[in-house]
Amino acid sequence: MIPTQWFLILSAILFTLGVCGVLTRKNGITIFMSIELMVNAVNLTFLAYARQFHQLHGLIFVFFVMAIAAAEAAVGLAIFISLFHHRETIDVDEANLMRW
Amino acid sequence: MIEYAVFFFFAAIAVIFAFVVILHRNPVVSALSLVASLFALAVMYVLLEAPFVAALQVIIYAGAIMVLFLFVIMLLNLQKRPEEPTRPVQQFVGYLGSAAFGIGLIYYLSKYAVMELPTEPFVADARTVGIRLFDAYLFPFEMVSILLLAAIVGALILSGRAVGERAEIGAEVTK
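Residues numbered from 1 in each chain as written. Chains lettered and ligands numbered in written order. Predicted model: local features only at pLDDT ≥ 70, side-chain atom pairs only at ≥ 80, totals over all residues. Heavy atoms only, no water.

S.K.: So what's going on with the overall build of chain B? Residues and values would help.
M.R.: A tally of regular secondary structure across chain B gives seven helices and zero strands. Its helices and strands in sequence order give chain B the pattern α-α-α-α-α-α-α, from N to C terminus. Buried residues in chain B amount to 31% of all 175 residues. Residue pairs at least 24 apart in sequence account for 55% of intrachain contacts in chain B once pairs closer than 6 positions are excluded. (Helix = DSSP H or I, 4+ residues; strand = E, 2+ residues; numbered from the N terminus. Buried < 20%, exposed > 50% of the residue type's maximum accessible area, 1.4 Å probe, protein only. Contact = heavy atoms within 4.5 Å.)

Structural data, given as structure tokens:
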């Protein structure tokens, strides 16, 4: 069996890449994909700990995370479609309507 | 032994395609790389003895959510407009900060997260997961259905036409 620690390190690498994408990209859809990457890294951690501690709770949390990620993707992409209709761009720098 | 080879091969695939996701300028390439990365993660779930979750990962993530992403990219015709680099200082700080965060996280995990593996195997098939889901987690499960309904309504309202336009169409239909 592969040590739990290695899965945790893989998950840390993927989470870091997601953070990097959110912080450095301007394309709204790419930022969304980076968020999906982070969500998946956390799912991997949940499953690694579920196997480590023989608990089903981690697995069930993964289902809820998947459902919430689906809802978030649907609403977020709808927001970007709406933004594109108003501004002809999905650059998040251009979405400054609520800036003071 | 073969287990380790599979782990390293698919871990490398997941990380390389994750790099492509965040570095490539074309969002279509990013989305397809994310699909590849998610497939590699499904293999990880199989290695973690959770085959049911791996199947769900392929069906829901690679199947449904990523198709939604690709649809929106195609719909908005984004593949022809690469983003131009502006604000280099902020971008550099972003790379630096996330690199520091990642190094700190990996250092902490490799030093303190050393755990002994349990001896008896842990099987998380659809049957055990389903029984637990409809037993202890029944109420959150039903709440998720309401959340998904709210997401459907919200997405329809946000992406649909403006309210006045919709009223006009309604008036035409009733005529």
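S.K.: Please provide a residue-by-residue account of the overall build of chain A, values included.
M.R.: Within chain A, the regular secondary structure consists of three helices and zero strands. Ordered by position from N to C terminus, the α and β elements of chain A give α-α-α. Since a compact globule built from 100 residues should have a radius of gyration of about 13 Å, the 17 Å found for chain A marks it as more spread out than a globular shape. Taken over the C-alpha atoms alone, chain A extends approximately 50 × 25 × 25 Å along its principal axes. Counting over 100 residues, chain A shows a buried share of 64%. Summarising the internal contacts of chain A: among those between residues at least 6 apart in sequence, 55% fall at separations of at least 24. By element, 69% of the accessible surface of chain A is carried by carbon and sulfur atoms, the whole surface being about 3800 Å². Computing the positive centroid from 5 side-chain charges and the negative centroid from 6, chain A places the two 7 Å apart. (Rg over C-alpha atoms; globule rule 2.2 N^0.38 Å. Areas by Shrake-Rupley, 256 points an atom, 1.4 Å probe, with all protein chains shown as cover. Lys, Arg positive; Asp, Glu negative; His and termini not counted. Charge placed at Lys NZ, Arg CZ, Asp CG, Glu CD.)

S.K.: How would you sum up the interface of chain B and chain A? Please name residues and give values.
M.R.: Contacts between chain B and chain A engage 82 residues on the former and 72 residues on the latter. Taken together, the two surfaces of chain B and chain A that pack against each other cover about 7200 Å², and 78% of this comes from carbon and sulfur. Run the count over chain B and chain A and you get eight residue pairs in polar contact (both at pLDDT 80 or more). Every element with two or more residues in the side of chain B that touches chain A is listed here: α1 (2-23), α2 (27-47), α3 (51-75), α4 (88-112), α5 (126-133) and α6 (138-159) of chain B. With 13 residues, the single largest contributor to the side of chain B that touches chain A is α3(B). Residue classes in the side of chain B that touches chain A are distributed as 59 nonpolar, 12 polar and 11 charged. (Buried area = accessible area lost by both parts, 1.4 Å probe. Polar contact = N/O pair within 3.5 Å; in protein donor to acceptor, adjacent residues only side chain to side chain. Nonpolar A, V, L, I, M, F, W, Y, C, P; charged D, E, K, R; others polar.)

S.K.: Give a detailed account of the packing of helix α2 (residues 28-53) of chain A against α3(B), specifying residues and quantitative values.
M.R.: At a minimum axis separation of 12 Å, α2(A) and α3(B) run at an interaxial angle of 175 degrees. Of the possible angle classes, the one that applies to α2(A) and α3(B) is roughly antiparallel. Contacts between α2(A) and α3(B) pair I29(A), F32(A), M33(A), E36(A), V39(A), N40(A), N43(A) and L47(A) from the former with V53(B), Q57(B), Y61(B), I65(B), M66(B), F69(B), V72(B) and I73(B) from the latter. For the contact of α2(A) with α3(B), the class distribution of residues is 12 nonpolar, three polar and one charged. (Axes fitted to C-alpha atoms, helices over the stretch in contact; angles between N-to-C directions. Parallel < 35°, antiparallel > 145°, perpendicular 65-115°, else oblique.)

S.K.: Break down a nonpolar patch on the surface for me, with residues and values.
M.R.: All names here are of chain B. Nonpolar side chains collect at one region of the surface, where L149, I152, V153, L156 and I157 lie side by side and expose about 500 Å² of accessible area between them. Examined against the element boundaries, I157 turns out to sit in helix α6. A relative accessible area of 55% means that I157 is categorised as exposed. (Patch = residues over 30% accessible without salt bridge, like charges linked within 9 Å, V, L, I, M, F, W, Y side chains within 5 Å. Salt bridge = Lys/Arg side-chain N within 4 Å of Asp/Glu carboxyl O.)

S.K.: Outline the packing of aromatic side chains, listing residues and values.
M.R.: This model, assessed by the stated rule, comprises 15 aromatic pairs over all chains. Grouping aromatic residues by their ring pairs yields a cluster made of W6(A), F7(A), Y4(B), F7(B) and F8(B). (Phe/Tyr/Trp six-rings, centres within 6.5 Å; stacked < 30°, edge-to-face > 60°.)

S.K.: Tell me about the side chain of S98(B), and please be specific about residues and values.
M.R.: Structurally, the position occupied by S98(B) is in helix α4. In this structure the side chain of S98(B) is engaged in a polar contact, spanning 2.9 Å, whose partner is the backbone oxygen of G94(B). Here S98(B) is in contact with T16(A), V19(A) and C20(A), once residues within four sequence places are set aside.

S.K.: So what's going on with the environment of V21(B)? Residues and values would help.
M.R.: Structurally, V21(B) can be placed in helix α1. Using a relative accessible area of 0% as the deciding quantity, one classes V21(B) as buried. In the structure, V21(B) is positioned 33 residues away from A54(B) in sequence and 21 Å away in space, judged by C-alpha atoms. If we skip the residues at most four places from it in the chain, V21(B) touches R25(A), T30(A), M33(A), S30(B), S33(B) and L34(B).

S.K.: Mind laying out the nonpolar core, listing which residues take part and the relevant values?
M.R.: Ranked by internal contacts, the top residues of the largest apolar core, which has 75 residues, are F7(A), I29(A), L59(A), M44(B), V53(B) and F69(B). Contributions of two or more residues to this core are made by α1 (4-24), α2 and α3 (57-87) of chain A together with α1, α2, α3 and α5 of chain B. A total of 15 residues in this core trace back to one element, the largest contributor, which is α3(A). Apart from residues lying up to four places away in sequence, M44(B) is in contact with F7(A), L10(A), L44(A), F7(B), F10(B) and A11(B). (Core = buried A, V, L, I, M, F, W, Y, C linked by side-chain atoms within 4.5 Å.)

S.K.: Please provide a residue-by-residue account of α1(A), values included.
M.R.: If you check α1(A), its first and last C-alpha atoms are 31 Å apart, about what 21 residues at 1.5 Å a residue would give, namely 30 Å. Burial analysis of α1(A) places 16 of its 21 residues in the buried class, which makes it a mostly covered element. (Expected span 1.5 Å × (residues − 1).)

S.K.: Tell me about the confidence of the model for chain B, and name the residues and values.
M.R.: Per-residue pLDDT for chain B has a mean of 85; in total, 87% of the residues score no lower than 70. As scored by the predictor, the complex reaches a pTM of 0.88 and an ipTM of 0.91. (pLDDT = per-residue confidence, 0-100.)

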